[in-house]
Amino acid sequence: MESKVMIEDSQQQNIPKEQSIGPWKMVWIKFKKKKIALVGVFILVILVLSSVFAPFLTPYGQEEMNFTNINAAPSREHLLGTDNLGRDYLTRLLYGGRISLMVGVISAFISVTLGSTIGGIAGFFGGRIDNVLMRFAEIVMSFPFLPLAITISAVVGADVEPETKMYIVMMIIGGLSWPGLSRIVRGQILSLKEQEFVLAAKALGIPNYKIILKHLIPNTIGYIIVSAALGMAGAIMSESALSFLGLGVVPPTPTWGNMVQNARNLHVLRTRPWLWIPPGIAILAAVMSINLIGDGLRDAIDPKSNN
Amino acid sequence: MTTPLLEVKNLKKYFPIQKGFLRKHVGDVKAVENVSFNLNPGETLGLVGESGCGKSTTGRAILRLVEATAGEVRYNGIDVLNARQNELRRLRREMQIIFQDPYSSLNPRMTIGEAVGEALREHGLYKGKELKDRIIEVIEICGLADYHVNRYPHEFSGGQRQRIGIARALALNPSFIVADEPVSALDVSIQAQIINLMMDLQEKLKLSYLFISHDLSVVKHISDRVGVMYLGDIVELASKNDLYDNPLHPYTKALLSAIPVPDPKMKRNIIILKGDIPSPANPPSGCKFHTRCPIAQDICKEEAPEFKEYQKGHFAACHLIGK
Ligand SMILES: Nc1ncnc2c1ncn2[C@@H]1O[C@H](COP(=O)(O)OP(=O)(O)OP(=O)(O)O)[C@@H](O)[C@H]1O
Ligand code: SF4
Ligand SMILES: [Mg+2]
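Quick caveat: nothing in here was measured; it's all calculated off a predicted structure.

### Some remarks on the packing of aromatic side chains
Point 1. What the rule picks out here adds up to eight aromatic pairs over all chains.
Point 2. Where Phe53(A) meets Phe56(A), the ring centres are 6.1 Å apart and the plane angle is 50°; that geometry is what we call tilted.
Point 3. With a relative accessible area of 41%, Phe53(A) lands in the partly exposed category.
Point 4. With a centroid separation of 5.7 Å and an interplanar angle of 20°, the aromatic rings of Phe307(B) and Phe315(B) are classed as stacked.
Point 5. When its relative accessible area of 32% is taken as the criterion, Phe307(B) is described as partly exposed.
Point 6. For Phe315(B), a relative accessible area of 26% puts it in the partly exposed group.
Point 7. An aromatic cluster is defined as three or more aromatic residues linked by ring pairs; in this entry it consists of Tyr230(B), Tyr251(B) and Phe289(B).
Point 8. Directly above the ring of Tyr14(B) sits Lys30(B), whose terminal nitrogen or CZ lies 5.8 Å from the centroid.

### Let's talk about the site of ligand 2
All names here are of chain B.
Point 1. The full set close to ligand 2 counts 13 residues, and Cys-287, Cys-293, Cys-300, Cys-318 and His-319 are the nearest of them.
Point 2. Taken atom by atom, the bulk of ligand 2 overlaps the largest cavity.
Point 3. Considered class by class, the residues forming the shell around ligand 2 number ten nonpolar, three polar and no charged.

### So, the state of the cysteines
Residue and element names in this part refer to chain B.
Point 1. Applying the stated rule across the entire model yields zero disulfides over all chains.
Point 2. In this model Cys-53 remains outside any disulfide bridge; the closest cysteine sulfur is found in Cys-287, 14 Å from its own.
Point 3. Its relative accessible area of 4% is what places Cys-53 among the buried residues.

### Points about empty space enclosed by the protein
Point 1. The tally for this structure, following the rule as stated, stands at three cavities of 30 Å³ or more.
Point 2. Each pocket or cavity is described by its volume, and for the largest cavity that value is around 70 Å³.
Point 3. For the lining of the largest cavity, the per-class residue count stands at eleven nonpolar, three polar and no charged.

### Quick look at the interface of chain A and chain B
Point 1. Counting residues at the interface gives 39 residues for chain A and 46 residues for chain B.
Point 2. Of the roughly 3,800 Å² buried where chain A meets chain B, counting both sides, 54% is carbon and sulfur surface.
Point 3. Between Lys210(A) and Glu122(B) there is a salt bridge, and its shortest N-O distance comes to 2.6 Å.
Point 4. Of all elements in the fold, only α1 (2-13), α2 (23-32), α6 (127-142), α10 (196-203) and α11 (208-244) of chain A reach the threshold of two or more residues within the side of chain A that touches chain B.
Point 5. Partitioning the side of chain A that touches chain B into residue classes produces 18 nonpolar, eleven polar and ten charged.

### Some words on the layout of surface pockets
Point 1. Estimated volume of the largest pocket: approximately 1,200 Å³.
Point 2. Considering the residues around the largest pocket, the lining is formed by 32 residues, among which Lys193(A), Leu199(A), Lys202(A), Asn208(A) and Leu65(B) are closest to the centre.
Point 3. Secondary-structure elements contributing two or more residues to the lining of the largest pocket are α5 (89-125), α6, α9 (179-193), α10 and α11 of chain A together with β1 (6-19), α1 (55-62) and α2 (85-92) of chain B.
Point 4. Considered class by class, the residues forming the lining of the largest pocket number 13 nonpolar, eight polar and eleven charged.

### Here's the deal with the environment of Leu243(B)
All names here are of chain B.
Point 1. Here Leu-243 lies in helix α8 (residues 240-245).
Point 2. Using a relative accessible area of 0% as the deciding quantity, one classes Leu-243 as buried.
Point 3. Setting aside anything within four residues of it in sequence, one finds Leu-243 in contact with Val-226, Val-228, Glu-236, Ala-238, Thr-252 and Leu-256.

### Examining the confidence of the model for chain A
Interpretation of the predicted coordinates at a detailed level should be avoided for regions scoring low in pLDDT.
All names here are of chain A.
Point 1. Taken residue by residue, chain A gives an average pLDDT of 82. The fraction at 70 or more is 92%.
Point 2. When pLDDT is averaged over each element of chain A, α10 comes out on top at 94 and α1 at the bottom at 42.
Point 3. Here residues 1-16 is a poorly scored stretch, pLDDT under 50, and it has 22 contacts once near neighbours within four places are set aside; other chains count.

### Overview of helix α6 (residues 188-205) of chain B
An α-helical turn contains 3.6 residues, so any two residues separated by three or four positions project in the same direction.
Residue and element names in this part refer to chain B.
Point 1. With 18 residues, α6 should reach 26 Å at 1.5 Å per residue; the first-to-last C-alpha distance of 26 Å fits that figure.
Point 2. If you check which residues of α6 are buried, you get Ser-189, Ile-190, Gln-191, Gln-193, Ile-194, Ile-195, Leu-197, Met-198, Leu-201 and Gln-202.
Point 3. Lys-206 sits one or two positions beyond α6 and adopts a positive phi of about 55°.

### Digging into the pairing of β1(B)
Residues and elements named next belong to chain B.
Point 1. One ladder, built from eleven bridges, connects β1 with strand β2 (residues 24-39); its direction is antiparallel. Considered in β2, the bridge of Glu-7 is made with Asn-38.
Point 2. Pairing of β1 with strand β4 (residues 70-75) involves five bridges; the strand directions are antiparallel. The residue of β4 that forms the bridge with Val-8 is Val-73.

### Focus on the side chain of Ser116(A)
Residues and elements named next belong to chain A.
Point 1. You can see Ser-116 is positioned in helix α5.
Point 2. Exposure remark for Ser-116: the relative accessible area of 17% places this residue in the buried category.
Point 3. In contact with Ser-116, other than residues within four places in its own chain, are Leu-181, Val-185 and Ile-224.

### Here's the deal with the nonpolar core
Residues and elements named next belong to chain B.
Point 1. Membership of the largest hydrophobic core comes to 71 residues, with the highest contact counts inside it found for Ile-166 and Met-198.
Point 2. With six residues, the top contributor of residues to this core is α6.
Point 3. With near-sequence residues (within four places) excluded, Ile-166 lies in contact with Ile-98, Cys-142, Ile-194, Leu-197, Met-198 and Leu-201.
Point 4. Residues Phe-37, Val-73, Phe-99 and Met-229 belong to the second largest nonpolar core, which totals 36 residues.

### A few points about helix α3 (residues 35-52) of chain A
Point 1. Between the first and last C-alpha of α3(A) there are 26 Å, a value that for 18 residues agrees with the 26 Å anticipated at 1.5 Å per step.
Point 2. Taken together, the buried residues of α3(A) touch α2, α4 (54-57), α5, α12 (256-260) and α14 (277-301) of chain A.

### A short note on the site of ligand 1
Residues and elements named next belong to chain B.
Point 1. Near ligand 1 you find 13 residues, and of these Ser-51, Gly-52, Lys-55, Ser-56 and Thr-57 are the closest.
Point 2. Contact between ligand 1 and Cys-53: an oxygen atom at 3.3 Å from a main-chain N or O atom of the residue.
Point 3. A distance of 3.2 Å separates an oxygen atom of ligand 1 from a polar atom in the side chain of Glu-181.
Point 4. Relative to its free-state accessible area of 630 Å², ligand 1 is covered by the protein chains to the extent of 63%.
Point 5. If you list the elements that add at least two residues to the shell around ligand 1, you get β2 and α1.
Point 6. Sort the elements by how many residues they give to the shell around ligand 1 and α1 lands first, with three residues.

What counts, and where the lines are drawn
Here the residue index of a chain counts from 1 through its sequence in written order. Throughout, the order in which chains and ligands are written sets their labels, letters from A for the former and numbers from 1 for the latter. Residues qualify for local features only when their pLDDT is at least 70, as the model is predicted, and side-chain atom pairs are given and counted only at 80 or more; totals for whole chains, interfaces and linings, by contrast, use all residues. Excluded from the side-chain calculations are hydrogens and water; all other atoms, namely the structure's heavy atoms, are used. Pairing of aromatic side chains requires ring centres within 6.5 Å, counting the rings of Phe and Tyr and the six-membered ring of Trp. Pairs whose planes differ by under 30 degrees are stacked, by over 60 edge-to-face, and all others tilted. Each residue is assigned to one of three classes by its accessible area relative to the maximum for its type, calculated with a 1.4 Å probe on protein chains only: buried under 20%, partly exposed between the two thresholds, exposed over 50%. Distance and angle both matter: a charge sits over a ring if NZ of Lys or CZ of Arg is within 6 Å of the ring centre and within 35 degrees of the ring normal. The near set for a molecule or strand comprises every residue that places at least one heavy atom within 4 Å of it. Definitions used for this entry: grid spacing 1 Å over protein atoms alone; cavity, a set of points where a 1.4 Å probe fits but cannot get out; pocket, an open set with protein on both sides within 12 Å along at least 5 of 7 lines; lining residue, one with an atom within 4 Å of a point. To decide whether a molecule occupies a pocket or cavity, check its atoms: if more than half lie within 2 Å of the grid points, it is inside. For this classification, Asp, Glu, Lys and Arg are treated as charged, while Ala, Val, Leu, Ile, Met, Phe, Trp, Tyr, Cys and Pro are nonpolar and the rest, including Gly, are polar. Defined by distance alone, a disulfide is two cysteine sulfur atoms within 2.5 Å. Grid points are joined across faces, edges and corners, and a volume is the space filled by probe spheres set on the points. By definition in these notes, contact holds between two residues if any of their heavy atoms fall within 4.5 Å. Defined here as a combined quantity, buried area equals the accessible surface (1.4 Å probe) lost by two parts on assembly, summed across both. Here a salt bridge means any side-chain nitrogen of Lys or Arg lying within 4 Å of a carboxyl oxygen belonging to Asp or Glu. Put simply, DSSP H or I for four residues or longer makes a helix, DSSP E for two residues or longer makes a strand, and each gets a number counted from the N terminus. A residue's pLDDT is the confidence the predictor assigns to it, expressed on a 0 to 100 scale. Expected span of a helix: the number of residues minus one, times 1.5 Å. DSSP-based pairing: two strands are paired if at least 2 bridges between them are found. Among the buried residues, those of types Ala, Val, Leu, Ile, Met, Phe, Trp, Tyr and Cys that are joined through side-chain atoms within 4.5 Å form a nonpolar core. In the analysis that follows, any N or O atom pair within 3.5 Å is treated as a polar contact, provided that within protein one partner can donate a hydrogen and the other can accept it, and provided that, for residues neighboring in sequence, both atoms belong to side chains. Here, Shrake-Rupley sampling with a 1.4 Å probe gives the accessible areas, and only protein chains in the shown set may cover a residue.

Following this line, the structure appears as structure tokens:
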């Protein structure tokens with residue numbers, strides 16, 4: 001018996017007395033170790049800051065035209081040249097970032113809200129509710145995304161203001177991309193529900209809504225955050241794809257997607273690469289950095305990948 | 001005779017099996033078929049049996065963590081299974097549970113103080129400084145230190161986590177505790193400590209335990225009486241000494257014969273049971289044990305044996321006892 005007591009005592013000593021590391025602090029410590037994810041943060045911060053502070057970074061307005069200087073090549077005054085209406089292209093790139101990033105954030109928000117609510121309800125209540133919601137998710141998921149988005153955009157989005165069109169695009173992207181997350185959240189809730197700490201809470205007389213708020217959601221939030229990040233990258237891609245086909249956000253509102261559209265013209269593609277390479281790089285940088293952050297978060301949040 | 005603290009009569013729990021889109025009811029997993037026993041104040045009743053025989057379901061149905069299909073549970077005379085919301089809430093303070101898995105039984109996002117204090121807050125029993133003091137008091141009697149309150153579960157070893165689980169159950173000052181294999185997941189060296197802690201606490205706090213385990217030696221150490229379960233039924237129930245020294249049911253005999261003994265030279269006849277446990281969704285007719293029983297007769301296939309008192313306080317269900 002003596003020796004057994006000593007085993008436990010020595011284990012107790014492993015815990016430093018002074019400070020305790022909470023689960024979220026732990027996530028941050030693990031995330032910090034992922035250099036590549038930090039690169040992602042760095043790139044994303046630059047993209048966000050440069051689009052937020054666009055008015056301070058460029059002397060031109062985003063729709064300020066100068067017909068005496070159209071289709072200019074890059075120069076001191078216009079670092080990325082001008083477009084066919086004489087607008088400064090760098091200015092449009094900066095302002096375009098606002099729209100593209102915003103479409104990403106809002107679409108991801110719509111998708112995450114729908115996905116986690118629907119998945120959470122299905123998982124928590126189970127039975128018939130679960131059955132109906134998950135079949136619905138499967139139906140939405142079984143449509144190929146791009147053709148459906150194109151169709152909806154073409155039907156609903158014809159003859160509307162550019163601004164309205166932007167919101168329609170967000171809703172299409174968000175409204176079609178939630179099923180994946182809803183299935184993940186449902187699975188999470190289903191397995192959490194069976195965990196003994198949830199049963200313990202029930203045995204202690206903790207009411208259902210507190211069990212959901214304090215025991216279930218805090219343990220799924222990590223996956224939801226990761227999925228929000230990845231969803232945002234996906235939404236930026238989708239917006240670009242739609243805009244490239246002329247079905248996304250339409251000019252004069254600039255987005256990286258509709259700026260790349262310039263590459264559809266063979267002449268521009270060959271002779272004025274500054275019109276499509278920079279927005280292309282911007283999309284690539286945004287999507288890549290967000291994905292890097294999402295991957296880093298996923299590893300950091302996973303409690304099984306300790307140390 | 002003392003009045004029992006807990007009376008369980010003909011407890012039954014079927015889990016429906018549903019198939020297809022319309023969730024058609026195609027059968028039942030008969031997890032608990034017919035379980036009856038009493039538990040006296042301060043007593044420990046051990047519940048043993050192979051995996052899947054319905055031990056956990058019995059414990060959970062008593063606490064209404066799953067809703068029983070039929071039967072009766074009385075705690076201090078109160079009808080537990082039909083208790084309304086308010087009454088049930090009150091009962092929650094009296095009846096608690098300790099779990100097997102020291103990992104999944106603690107919320108990884110809650111500190112020890114939060115986990116132990118959650119129920120105290122919920123039931124409005126303590127506030128402010130008193131609440132803090134109570135939390136520290138409880139974790140200290142479970143062998144943890146006051147500075148552990150702000151720690152998260154991942155910072156503790158398996159044995160310590162089990163102590164936290166015990167502290168959480170004891171916070172409300174209950175009298176009855178279902179201990180669902182509380183040491184099965186622990187190292188042998190830690191098992192003894194947790195068992196000793198539970199026995200100390202029982203004496204100090206006058207607790208009654210329903211101690212579930214598949215380990216007959218552990219059950220022998222802690223229990224006053226022992227019930228043996230097979231496929232949802234209690235097949236034998238007796239005081240510890242009667243059961244271990246004079247088992248009546250062939251299933252109990254087989255289980256006891258398989259306990260490892262410290263002296264390898266001792267003469268033993270291990271009774272090997274043939275075959276696997278039948279599925280609880282489709283249990284055998286008559287005596288459910290007849291497919292594996294070494295002494296089964298024709299009658300066993302047709303008629304279910306009655307659960308009878310053969311000696312004072314020694315119950316069993318088998319046609320061939322004394323024949
Ligand atoms: N929620 C559930 N839904 C359907 N079937 C269940 C459920 N819980 C338990 N069962 C089934 O009921 C039977 C009894 O399970 P139970 O967990 O009570 O057994 P046990 O004796 O505790 O076993 P173990 O030693 O493995 O813990 C098993 O066949 C199990 O598959
Ligand atoms: S009733 Fe028959 S089958 Fe059942 S335990 Fe007794 S002898 Fe075995
Ligand atoms: Mg069990």
